[in-house]
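Below, each chain spelled out in residue letters.
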Amino acid sequence: MLHGSSAHVERPERLRAIEAALSASPLKAQLSFLDARPATDAEIERVHPPGYARGLDDFCLNGGGWIDSDTLLSPQSSRVARLASGGACRAVEAVVGEGVPWVFSVCRPPGHHATPNTSMGFCLINNAAVAARHAQAALGLKRVLIVDWDVHHGNGTQDVFFDDPSVLYFSVHQSPLYPGTGRVRERGASGTTLNVPLPAGMGDGEYAFVFDDVLRPAVREFAPELIIVSAGFDAHERDPLGGMRVSTEGFARLAEQVRVMSEETPAKGRLVAVLEGGYDLQGLSEAVVAVMDRWHVGVVERAPVDGQTVSAATRKVTQALHELGVPRFSP
Ligand SMILES: [Zn+2]
């Protein structure tokens, strides 16, 4: 809450709203809470170049301000960004090493636009990427899946893992929209990037269909040992930045689908969510609690979505992906 400013759309009130929604829910009494810790330079430098976080520290020591055209830093922002990426690492440690089934890291600033070399799009350190690398380098996992359902394409995460066969990066996002990347044909050298760009106006049925039709077969083939969700909520129907129509229940269903995938792969139910975007305080906070609730309660698998009931525009994109072929991953 010490990062940025209330005048910016990516504002401290986002976390206050989530905290309030959780406090109003009977779920809160059933959860345990972990403290975030700052990521070390070595952890951050598995994704970013040497000295990257020190550069953020220096910028903040000079008072902060606009570090790029979108991203506003307060004097405490680099410390908060280290906590956001370290919190994601802490979440991975809990699910991989401590028998905790799932952790939702409710963090700011978000991370998925941060490329190895630069901040952008409200993001400083790529939290999901640092967490995935931590799972591999410190905790010995081989294959990690990142599911990015933020309404924007996670160009930074794609850049980090584009030629890396050990991390499958899946993104469903609105297109055209910022940052302009994330086309179907962007697949990486190893085929372990999967982009599903959808036109504005898509809702619960389209998202659930994409998860069944594109993500699930790829995940079965890839056999991840951990699933990290880049959990943005700006595809929510109430969101002022996105143009999608996903409801709170729609996000809960996506959480169910990811949970089922985690249980039918070597991930064995291990799930970490890292907060990304989501700018309507009510939509954001309700959907975050709904995702936590679905992961806490556990789910019975529902019937697959009938592809004939989803929009032709969505089927055109999934058809194009199928024509490129479901990637084959060597073990
Ligand atoms: Zn976003």
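Residues numbered from 1 in each chain as written. Predicted model: local features only at pLDDT ≥ 70, side-chain atom pairs only at ≥ 80, totals over all residues. Heavy atoms only, no water.

Draft legend 1. Local environment of the side chain of Thr71. Relative to the helices and strands, Thr71 resides in the loop between β1 (65-66) and β2 (72-73). At 2.8 Å, the side chain of Thr71 forms a polar contact with the side chain of Asp68. Sequence-distant contacts of Thr71, defined by excluding residues within four places in its chain, comprise Gly65, Trp66, Met120, Gly121, Phe122, Cys123 and Leu124. (Helix = DSSP H or I, 4+ residues; strand = E, 2+ residues; numbered from the N terminus. Polar contact = N/O pair within 3.5 Å; in protein donor to acceptor, adjacent residues only side chain to side chain. Contact = heavy atoms within 4.5 Å.)

Draft legend 2. Examining the environment of Leu271 more closely. On the secondary structure map, Leu271 appears in strand β8 (residues 271-275). For Leu271, a relative accessible area of 2% corresponds to the buried category. Measuring from C-alpha to C-alpha, the distance between Leu271 and Trp102 comes to 4.7 Å, with 169 residues separating the pair along the chain. If near-sequence neighbours (up to four positions away) are discounted, Leu271 is found in contact with Val95, Pro101, Trp102, Val103, Ile227, Val258, Arg259, Ser262 and Trp295. (Buried < 20%, exposed > 50% of the residue type's maximum accessible area, 1.4 Å probe, protein only.)

Draft legend 3. Representation of the coordination of the zinc ion within the structure. The zinc ion binds to the protein through Asp150 (OD), Asp150 (OD), His152 (ND1) and Asp234 (OD); the donor distances cover 2.0 to 2.7 Å. Every donor counted, the four donor atoms about the zinc ion form angles of 53 to 153° at the centre, which fits irregular coordination. Look at where the donors of the zinc ion fall in the sequence and you get D-x1-H-x81-D. Here Asp234 lies in the loop between β7 (226-231) and α8 (248-263) and His152 lies in the loop between β4 (144-148) and α6 (155-161), a separation of 82 residues in the sequence. Here His152 matches Asp234 in class, with each residue buried. (Donors = N, O, S within 2.8 Å, 3.2 Å for Na, K, Ca; no water. Tetrahedral: all angles 85-135°; square planar, octahedral: opposite > 155°, others 65-115°.)

Draft legend 4. Examining the environment of Asp70 more closely. Its location among the elements puts Asp70 in the loop between β1 and β2. Along the sequence, Asp70 and His296 sit 226 residues apart, while their C-alpha atoms lie 35 Å from each other. Beyond its immediate chain neighbours, meaning those up to four positions away, Asp70 contacts His8, Met120, Gly121, Phe122 and Tyr178. At 3.3 Å, the side chain of Asp70 forms a polar contact with the backbone nitrogen of Gly121. In this structure the side chain of Asp70 is engaged in a polar contact, spanning 3.2 Å, whose partner is the side chain of Tyr178.

Draft legend 5. How the structure looks around helix α7 (residues 204-222). For α7, built from 19 residues, the straight-helix expectation of 27 Å at 1.5 Å per residue is met to within 8% by its first-to-last C-alpha distance of 25 Å. Ala223 sits one or two residues past α7 and shows a positive phi near 55°. (Expected span 1.5 Å × (residues − 1).)

Draft legend 6. Structural view of the pattern of salt bridges. The tally for this structure, following the rule as stated, stands at 19 salt bridges. The partner of Arg220 in a salt bridge is Glu264, with the nearest N and O atoms 3.3 Å apart. You can see Arg220 sitting in helix α7 and its partner Glu264 sitting in the loop between α8 and β8, a full 44 residues away along the chain. Close ionic contact of Glu249 with Arg294 constitutes a salt bridge, the shortest N to O distance being 2.9 Å. (Salt bridge = Lys/Arg side-chain N within 4 Å of Asp/Glu carboxyl O.)

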